[in-house]
Amino acid sequence: MTEFENNQVENGESMADALESFQEVNVGDIVKGEVLAVEDKQAIVGIEGAGVEGVVPVKELSTLPIEDINEVVKVGDVLELVVISTIGKDKENGSYLLSKRRLDAKKVWEEIEQDFKDGKIIEAPVTNVVKGGLVVDVGVRGFVPASMVEDHFVADFEEYKGKTLAFKIIEIEPSENRLILSHKAVVESEKAVRKEELLNSIHDGDIVEGTVARLTDFGAFVDLGGIDGLVHVSEISHSHVAKPSDALKVGDKVQVKVLSVDPEKERISLSIKDTLPGPWSDIEEKAAVGTVLDGTVKRLTSFGAFVEVFPGVEGLVHISQISHKHIATPHEVLHEGDEVKVKVLEVNPEEHRIALSIKALEEKPAEEKVVEEDSYDLPEESTGFTMGDILGQALSNSDEANDEASTSEDAEEIVKEDEE
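Since the structure is predicted, the reported quantities are computational estimates derived from the model, not experimental observations.

Of note, the phi angle at glutamate 266 is positive, near 55°, even though the residue is not glycine. Overall, the relative accessible area of 40% leaves glutamate 266 in the partly exposed class. A positive phi angle, close to 55°, is found at histidine 352, a residue other than glycine.

Structure (structure tokens):
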């Protein structure tokens, strides 16, 4: 064989080898492509091992919105792509339509499916607020229904936009691009853990801080950081509280004392007033003996009146200390609700007793003087005259008898004569 023939045979074998080395490209294949050119709305790539070119539209480069294609790819980058469809050979920019986004999404779906099976909590940013819930980006679009955002009512979801939250995967269907997530489930799970830890660590008598979460007619529920405890209306203040809303509002930070814990029923009884100075604290200074105080008559009994001199502090005005005048019952001079001034007579902090007086602040009336006069009791039924009448008649008779009866003794004799 001549040298020319040998060269033809070698060239023929090289051509065959080269043709065999080019792989066939089919829709759905995963290929690698080197970026040959970057245009405004697409990237031109050369498919490795195929000897052909492909086009990657800008929307197929990323799962996220792209403002500038040059920030995503540059000439020389090697991308992993999936073949979407063929393009006619007469097309100027290549023969295949390729996508990076769909390949990335496929990998994301596979990871999410595994996370779902494992019960894993994932994190993702909230990209948008739509009617009915939130849109989040986990590499693919996820949706959080409004009822699954929090464990409480939320009026406005705008504040969530841009925040990164933790989610539990509730439902997944890659073929329909359906991914339902819940932040509420994460919140509830975290609260359950904190609740168990709190129930195991809190004890009767502990002083802890909480936040007023809810108000009812019978008390206030205080969030202790994972579980709510109840402050009964009677435990809010040392003074009388008609309604919890009169003394507290939702969101208030309060110090509370733990009265009792029931781990089985998950109930905690709390007191606010036990963390506050009692009304009898320093009572000997506030109501020292001899002090004059303003008070309000709260109750009347047969033996006296109870007067409130400080919130939660009542003293007794005994009936004998109400008035200088004799009274049968306190009701004669006092009524419930009367504002009175009282003087402190005695203080007993240990027994929570104060003796008070109203009359000590009133001027004692002057004693009435009794004038005794001499009197002469004559039997008027026998004479019909008074002593004055008799004395007058006696004087008249003495004139007529030559002035023989000019003294009182003469008058007495005349009286005797008349009696005879």
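Right, picking up where we left off after that structure.
A word on the confidence of the model for the chain. Put simply, the chain has an average pLDDT of 83, and 80% of its residues get 70 or more. Residue range residues 369-420 is modelled with pLDDT below 50. Its contacts to residues more than four positions away, or to other chains, number 16 contacts.

For the rest of this paragraph, the subject is the sheet that holds strand E19 (residues 339-348). In space, the five strands of this closed barrel follow the order E16-E17-E18-E20-E19, with mixed pairing throughout. In this sheet, adjacent strand axes meet at a mean angle of 50° when their direction is disregarded. Taken together, the five bridges between E19 and strand E20 (residues 353-357) define a ladder with antiparallel strand orientation. Pairing of asparagine 348 across the sheet is with arginine 353, part of E20.

Let's shift gears to the sheet that holds strand E4 (residues 78-86). Spatial strand order, E1-E2-E3-E5-E4: five strands in a closed barrel with mixed pairing. Strand-to-strand twist across the sheet, computed as the mean angle between neighbouring axes with direction ignored, equals 50°. Across six bridges, the pairing between strand E2 (residues 42-47) and strand E3 (residues 52-57) is antiparallel. Following the sheet pairing, glutamine 42 is matched in E3 by proline 57. Strands in contact with helix H2 (residues 101-118) are strand E1 (30-38), E4 and strand E5 (96-99); relative to E4, the strand with the most contacts, it is inclined by about 105°.

What follows covers H2. Taking 1.5 Å as the rise per residue, H2 with 18 residues should run 26 Å; its terminal C-alpha atoms sit 25 Å apart, in good agreement. Within H2, the full set of buried residues consists of Leu103, Ala105, Val108, Trp109, Ile112 and Asp115. Once H2 ends, the next one or two residues include glycine 119, with phi positive near 70°.

Okay, the pairing of strand E18 (residues 313-318) next. Residues Val313, Gly315 and Val317 point to one face of E18 and are all buried, whereas Glu314, Leu316 and His318, pointing to the other face, are not buried. Two strands pair when backbone bridges link them, and strand E17 (residues 304-310) and E18 are joined in this way by six bridges, in the antiparallel orientation. Pairing of phenylalanine 310 across the sheet is with valine 313, part of E18. The hairpin turn running from E17 into E18, its antiparallel successor, is two residues long, and glycine 312 in that turn takes a positive phi close to 85°. Relative to E20, E18 runs parallel, the two being bridged by two bridges. Residue valine 317 lies in a different strand from E20, and its bridge partner there is leucine 356.

Following the sequence through the fold, histidine 183 ends up in the loop between strand E10 (178-182) and helix H3 (184-201). Relative accessible area serves as the criterion here: at 11%, histidine 183 is assigned to the buried category. Setting aside residues up to four positions removed in sequence, histidine 183 forms contacts with Val144, Met148, Val149, Glu150, Leu165, Ala166 and Phe167.

With that out of the way, let us pick up H3. The terminal C-alpha atoms of H3 lie 25 Å apart, and with 18 residues this matches the ideal 26 Å at 1.5 Å per residue to within 8%. Within the sequence span of H3, burial applies to Ala185, Val186, Val187, Leu198 and Leu199.

On to the packing of aromatic side chains, then. Counted by the stated rule, this structure contains three aromatic pairs. Note on phenylalanine 218 and phenylalanine 221: the rings are 6.2 Å apart at their centroids and 85° apart in plane angle, and the pair reads as edge-to-face. A centroid spacing of 6.2 Å and a plane angle of 85° characterise the contact between phenylalanine 303 and phenylalanine 306, whose relative ring orientation is edge-to-face. Owing to a relative accessible area of 17%, phenylalanine 306 belongs among the buried residues under this scheme.

Relative to the helices and strands, aspartate 68 resides in the loop between E3 and E4. Along the sequence, aspartate 68 and valine 58 sit ten residues apart, while their C-alpha atoms lie 9.1 Å from each other. In terms of polar contacts, aspartate 68 uses its side chain to reach the backbone amide nitrogen of asparagine 70, at 3.1 Å.

This paragraph deals with the environment of glutamate 113. Here glutamate 113 is to be found in helix H2. In this structure, the C-alpha to C-alpha distance between glutamate 113 and proline 174, residues 61 residues apart in sequence, is 8.6 Å. Contact partners of glutamate 113, with chain neighbours within four places excluded, come to Ile172 and Pro174.

Scoring rules and cut-offs
- Residues numbered from 1 in each chain as written.
- Predicted model: local features only at pLDDT ≥ 70, side-chain atom pairs only at ≥ 80, totals over all residues.
- Heavy atoms only, no water.
- Buried < 20%, exposed > 50% of the residue type's maximum accessible area, 1.4 Å probe, protein only.
- pLDDT = per-residue confidence, 0-100.
- Contact = heavy atoms within 4.5 Å.
- Pairing = 2+ DSSP bridges.
- Helix = DSSP H or I, 4+ residues; strand = E, 2+ residues; numbered from the N terminus.
- Axes fitted to C-alpha atoms, helices over the stretch in contact; angles between N-to-C directions.
- Expected span 1.5 Å × (residues − 1).
- Phe/Tyr/Trp six-rings, centres within 6.5 Å; stacked < 30°, edge-to-face > 60°.
- Polar contact = N/O pair within 3.5 Å; in protein donor to acceptor, adjacent residues only side chain to side chain.

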